[in-house]
Amino acid sequence: MTEKWVHGEVVNVKHWTESLYSVFVSAPAVKFVAGQYTKLSLSLKNEEVARPYSFVNSPDEELLEFYSVSVPNGPLSTAMQTLKKGDSIKVGPRGNGFLILEEIPNVENIWMLATGTAIGPYLSILKTKNSWDKFKKVVLVHAVRYKKELTYQDTINTLKEEYKDRFIYITYVSREEAEYSLKGRIPKDISNGILEEKAGLKMKPDNTHVMICGNPEMLKDTTVELKKIGLKKHRRNSPGHITTENYW
Ligand SMILES: Cc1cc2nc3c(=O)[nH]c(=O)nc-3n(C[C@H](O)[C@H](O)[C@H](O)COP(=O)(O)OP(=O)(O)OC[C@H]3O[C@@H](n4cnc5c(N)ncnc54)[C@H](O)[C@@H]3O)c2cc1C
Ligand SMILES: NC(=O)c1ccc[n+]([C@@H]2O[C@H](COP(=O)([O-])OP(=O)(O)OC[C@H]3O[C@@H](n4cnc5c(N)ncnc54)[C@H](OP(=O)(O)O)[C@@H]3O)[C@@H](O)[C@H]2O)c1
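Here the residue numbers are simple positions, counted from 1 along each chain's written sequence. Both sets of labels track the order of writing: A upward for chains, 1 upward for ligands. Thresholds applied to this predicted model are a pLDDT of at least 70 for local features of residues and 80 or more for the giving and counting of side-chain atom pairs; totals over whole chains, interfaces and linings are not thresholded and use all residues. Hydrogens and waters are ignored; side-chain quantities use all the structure's heavy atoms.

Visitor: I tried to follow the nonpolar core on my own but got confused; where do I start?
Guide: Note on soluble globular proteins: their nonpolar side chains tend to be buried together. Ranked by size, the top nonpolar core spans 33 residues in total, and within it M112, Y122, L126, L140, F167 and M211 carry the most contacts. Counting from the N terminus, the helices are DSSP H or I runs at least four residues long and the strands are E runs at least two residues long. For this core, the secondary structure elements donating two or more residues are β7 (109–115), α2 (120–126), β8 (137–144), α3 (153–163), β9 (167–173) and β10 (208–214). Per element, the largest residue contribution to this core is 4 residues, and it comes from α2. Where each domain begins and ends follows an automated or database-derived domain assignment. Split by domain, the residues of this core number at least three in each of domain 1 (6–91) and domain 2 (101–246). Throughout, a residue-residue contact means that at least one pair of heavy atoms, one from each residue, lies within 4.5 Å. Those residues in contact with M211, other than ones at most four positions away along the chain, are L99, I100, L101, I104, I110, W111, M112, L113, Y122, I125 and T243. We define a nonpolar core as any set of buried Ala, Val, Leu, Ile, Met, Phe, Trp, Tyr and Cys residues linked to one another through side-chain atoms lying within 4.5 Å. Per-residue accessibility, obtained with a 1.4 Å probe over protein chains only, is compared with the maximum for each type, and a residue is labelled buried under 20%, exposed over 50%, and partly exposed between these values.

In structure tokens form, the structure reads like this:
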């Protein structure tokens, strides 16, 4: 029988803002496919608290990387924020989940829509070289409340340099003005055509697959709008255009 947990050692914690941070963990035995998540667990007040987190690193990178927001009164996310180099954390031995390219039909353009920390699994996928063989263009859309939450700019810039006009990166900042970002929310801009216009691409059923990850309300509202333009949920036994992963 496989072990339930693998011992992980915290190698670094990068604090992006007062609430956003990334934890780098050494746990070489953990296996996963880009886009998947595993569980992390800490012993808090003598109780084990475990939650799922997506891998941000690609499978060929040495350290595991998890991107988290500290949710007010959230037991694990507030505790993980205080982790220091050398601390221990339990890590699930393997990845789970279907937000992976193996599950996506061959199409021309892949759209990856994220709120907040849900940009993580897409970065794992996009850092994995052979991911790019499958699509002509990749549109990564990241929606956050405030511009300081547009993290991972170094990774984004590396992808831009490498993939040039095959990589389209679009940002939303919903609660303040921000240069170069759209204001508001993704679903409305699907309905009014602003997102397609910004990307310079049409979301047509014969050339598009959309991955959506993060806030469950965003997933729901976005799916409603995508269905109006002819896209449908993707299932193994009934191929479609929309693949989703709720974060809560
Ligand atoms: C498949 C899967 C993958 C996940 N991957 C990640 C990840 O990579 N990074 C990450 O930060 N979280 C991720 N989550 C959420 C994560 O598991 C925890 O729920 C979160 O870190 C809060 O944990 P908590 O114990 O502090 O509070 P919880 O009791 O788990 O959550 C309390 C509340 O916080 C809110 N919340 C939870 N997660 C988020 C979030 N990411 N952004 C905004 N609000 C949130 C919700 O309102 C939730 O009801 C994932 C969840 C699932 C199901
Ligand atoms: N972000 C922060 O400054 C901050 C700081 C400390 C703690 N937290 C905690 O973290 C959690 C939320 O974090 P978050 O800001 O990463 O996630 P979030 O609330 O999911 O917001 C991320 C983005 O998703 C958008 N969104 C929300 N609902 C949507 C919908 N139905 N359709 C389309 N877009 C939608 C938001 O727009 P809107 O702005 O229009 O909602 C925002 O642009 C909360 O528990 C919060 O208290 C956040």
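Visitor: Before we go on, may I ask you to explain the site of ligand 1 in this structure?
Guide: Around ligand 1, 18 residues are found, and the nearest of them are R51, P52, Y53, Y67 and S77. The definition of a polar contact used here is a pair of N or O atoms within 3.5 Å, where within protein one atom must be able to donate a hydrogen and the other to accept one, and adjacent residues in sequence count solely through side-chain atom pairs. Interatomic distance of 2.6 Å between a backbone N/O atom of P52 and an oxygen atom of ligand 1. A distance of 2.9 Å separates an oxygen atom of ligand 1 from a polar backbone atom of L76. Considered on its own, ligand 1 offers 870 Å² of accessible surface; in the complex 76% of this is hidden by protein. With a 1 Å grid spanning the protein atoms alone, the term cavity applies to any set of points in which a 1.4 Å probe fits but cannot get out, the term pocket to an open set with protein on both sides within 12 Å along at least five of seven lines, and the term lining residue to any residue with an atom within 4 Å of a point. Any molecule with more than half of its atoms within 2 Å of a cavity's or pocket's grid points is counted as sitting in it. Here ligand 1 occupies the largest pocket. Broken down by secondary-structure element, the contributors of at least two residues to the shell around ligand 1 are β4 (47–54), β5 (64–69), α1 (75–81) and β11 (242–246). Sorting elements by how many residues they give to the shell around ligand 1 places β4 first, with 4 residues. Under the grouping applied here, Gly and all other residues not named as nonpolar or charged are polar, the nonpolar ones being Ala, Val, Leu, Ile, Met, Phe, Trp, Tyr, Cys and Pro and the charged ones Asp, Glu, Lys and Arg. Class assignment of the residues belonging to the shell around ligand 1 gives a composition of 10 nonpolar, 6 polar and 2 charged. Looking at the shell around ligand 1, you find at least three residues from each of domain 1 (6–91) and domain 2 (101–246). The cutoff for a nearby residue is simple: one of its non-hydrogen atoms must lie within 4 Å of the molecule or strand. For the accessible areas, the method is Shrake-Rupley and the probe is 1.4 Å, while residue cover comes only from the protein chains on display.

Visitor: Any chance you could explain the domain arrangement of the protein chain here in plain terms?
Guide: Size of an interface: often given as the accessible area lost when the parts come together. Each assigned domain of the protein chain is listed here: domain 1 (6–91) and domain 2 (101–246). Look at where the C-alpha atoms of domain 1 and domain 2 centre, and you get two points 24 Å apart. Listed per partner, the contact involves 21 residues of domain 1 and 16 residues of domain 2. Simply put, the buried area is the total loss of 1.4 Å probe accessible area from both parts when two parts are fitted together. Both faces considered, domain 1 and domain 2 share a buried interface measuring about 1,500 Å² in area, 58% of it formed by carbon and sulfur atoms. Per-residue buried area on domain 1 facing domain 2 is highest for W16, V56 and Y67; these three make up 34% of the total on that side. Salt bridges are defined by distance alone: a side-chain nitrogen of Lys or Arg within 4 Å of a carboxyl oxygen of Asp or Glu. In this structure, the connection of domain 1 to domain 2 is made through 2 salt bridges. When the shortest N-O distance is used, the salt bridge between E18 and K148 registers 2.9 Å.

Visitor: What should I look at first to understand the environment of Y247 in this one?
Guide: Secondary-structure assignment places Y247 in the segment after β11. Measuring from C-alpha to C-alpha, the distance between Y247 and L123 comes to 16 Å, with 124 residues separating the pair along the chain.

Visitor: Honestly, the layout of surface pockets in this entry has me stumped. Any pointers?
Guide: By rolling a water-sized probe across the atoms, one finds the places where empty space is left. Empty space within the largest pocket amounts to approximately 1,300 Å³. Lining of the largest pocket is provided by 45 residues; of these, V69, T115, G116, N215 and W248 occupy positions nearest its centre. Elements that contribute at least two residues to the lining of the largest pocket include exactly β4, β5, α1, α2, β8, α4 (186–191), α6 (216–228) and β11. Residues belonging to the lining of the largest pocket are distributed by class as follows: 22 nonpolar, 15 polar and 8 charged. Each of two domains, domain 1 (6–91) and domain 2 (101–246), supplies a minimum of three residues to the lining of the largest pocket. Grid points are joined across faces, edges and corners, and a volume is the space filled by probe spheres set on the points.

Visitor: Any chance you could explain the pairing of β4 here in plain terms?
Guide: Walk down a regular strand and you will see the side chains alternate between the two sheet faces. Examined bridge by bridge, strand β3 (residues 37–44) and β4 share 8 bridges and lie antiparallel to one another. In the strand pairing of β4, L40 is matched with R51. What makes two strands pair is DSSP finding at least two bridges between them. What sits between β3 and β4 in their antiparallel hairpin is a turn of 2 residues, with K45 showing a positive phi close to 50 degrees.

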